Amino acid sequence: MDNWTQVSEFVLLGLSEQPQQQQLLFGVSFTLFLVGGLGNLLTILAIISDPHLHSPMYFFLGNLSLLDICFTSTTVPKMLANHLRGCTTISFSACLAQMYFFIAFATADSILLSAMAYDRYLAICRPLHYLMIMNVIRCALLVAVPWVSANLISMTHTVLMTHVTFCTNKVLHFFCDLNALLKLSCSSTQVNDMLVWVLGSSGVLIPFVCITASYMPIAMAVWRVPSVQGRCKAFSTCSSHLCVVTLFYGTIISVYFNPVSLHTSQRDIAATMMYTMVTPTLNPFIYSMRNSELKGALRKLLGGSRFAN
């Protein structure tokens, strides 16, 4: 039977079935979404408004903030709206659209983080050639590649999902997650499962390896700095990025790179909340707290000095 006639809509069971927990999680999710969106928006505006921040590092940071806004907007508003309306259904086409954009933004986020690691490698290990290598065209390519490749990966998963036959329409998640949908399948998902690993490797594991490869020479270069103060100053330009990388990859790898049969819904939901809500919310604060230039730009943008204190 064709899956379009079998399942016309899905029921998203949300973060919890307990009413008291639902109220608490609604408040937490709304706060994270609001604070994260505002923080990332202010970061973008600060970078645009301050000419001193028109450099490759802040160009990538601005794009990361834009991706984080798009990333959280794909899932959280629908979840909040469902809670307020008391209706947790989502149409089949809307579910596929949500899955498509979620995978696209998550993958683009991952690849962009590797581009930012490459930028830090050039800045620390090849400072004399940095501006020549990181020209406008190279920066544009390093941002365009994540967007294009992420959409191709997402399109592949989405097209394959249209051929899956579903036994039930109850999704044990708060959005249309790829693994959660595959668990509902009555048909074979061998190809889907294989591509989760193959395409996931190109969108997550390979960028993670590239980040690791970039930071090995960075660590060696920082270690060779004679003074402790000099080492701290050199490493401070990378510490924010490392914090974000640890939060993002630690949770996303635990969710998508284990066999589907070993997943538990509660663990997947908790880990997914980390990289869909918590990490995008923390990103602007991690970068601004450790970066005096960005703090100065934010202070000018807000027209006061309290923010940076």
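Bear in mind that the values here come from a model prediction, so they are computed numbers and not experimental data.

Draft legend 1. The environment of Ile124, seen in detail. Along the chain, Ile124 turns up in helix α4 (residues 92-125). On the accessibility criterion, Ile124 (22% relative accessible area) is partly exposed. Separated by 111 residues in the primary sequence, Ile124 and Phe235 have C-alpha atoms spaced 9.1 Å apart.

Draft legend 2. Here's a closer look at the pattern of salt bridges. For the coordinates displayed, the defined rule picks out one salt bridge. Between Arg120 and Asp119 there is a salt bridge; the shortest N-O distance is 2.9 Å.

Draft legend 3. Region of interest: the sheet that holds strand β1 (residues 9-12). Within the open sheet, the three strands sit side by side as β2-β1-β3. Their pairing is mixed. Two strands bound the open sheet, and with one partner strand each, they are β2 (89-91) and β3 (170-171). Examined bridge by bridge, β1 and β2 share three bridges and lie antiparallel to one another. Residue pairing in the sheet places Phe10 in a bridge with Ile90 of β2. Those strands touched by α4 are β1 and β2, and its axis lies near 90 degrees from that of β2.

Draft legend 4. Layout of the confidence of the model for the protein chain. Averaged over every residue, the pLDDT of the protein chain is 85; residues scoring 70 or more account for 90%. Ranking the elements of the protein chain by mean pLDDT puts helix α1 (residues 3-6) last with 48 and helix α6 (residues 136-161) first with 94. Here residues 1-5 is modelled with pLDDT under 50, and outside its nearest four sequence neighbours on either side it reaches ten contacts, counting other chains as well. Scored below 50 in pLDDT, residues 305-309 makes five contacts in the model with residues more than four places away or belonging to other chains.

Conventions and cut-offs
Residues numbered from 1 in each chain as written. Predicted model: local features only at pLDDT ≥ 70, side-chain atom pairs only at ≥ 80, totals over all residues. Heavy atoms only, no water. Helix = DSSP H or I, 4+ residues; strand = E, 2+ residues; numbered from the N terminus. Buried < 20%, exposed > 50% of the residue type's maximum accessible area, 1.4 Å probe, protein only. Salt bridge = Lys/Arg side-chain N within 4 Å of Asp/Glu carboxyl O. Pairing = 2+ DSSP bridges. Contact = heavy atoms within 4.5 Å. Axes fitted to C-alpha atoms, helices over the stretch in contact; angles between N-to-C directions. pLDDT = per-residue confidence, 0-100.

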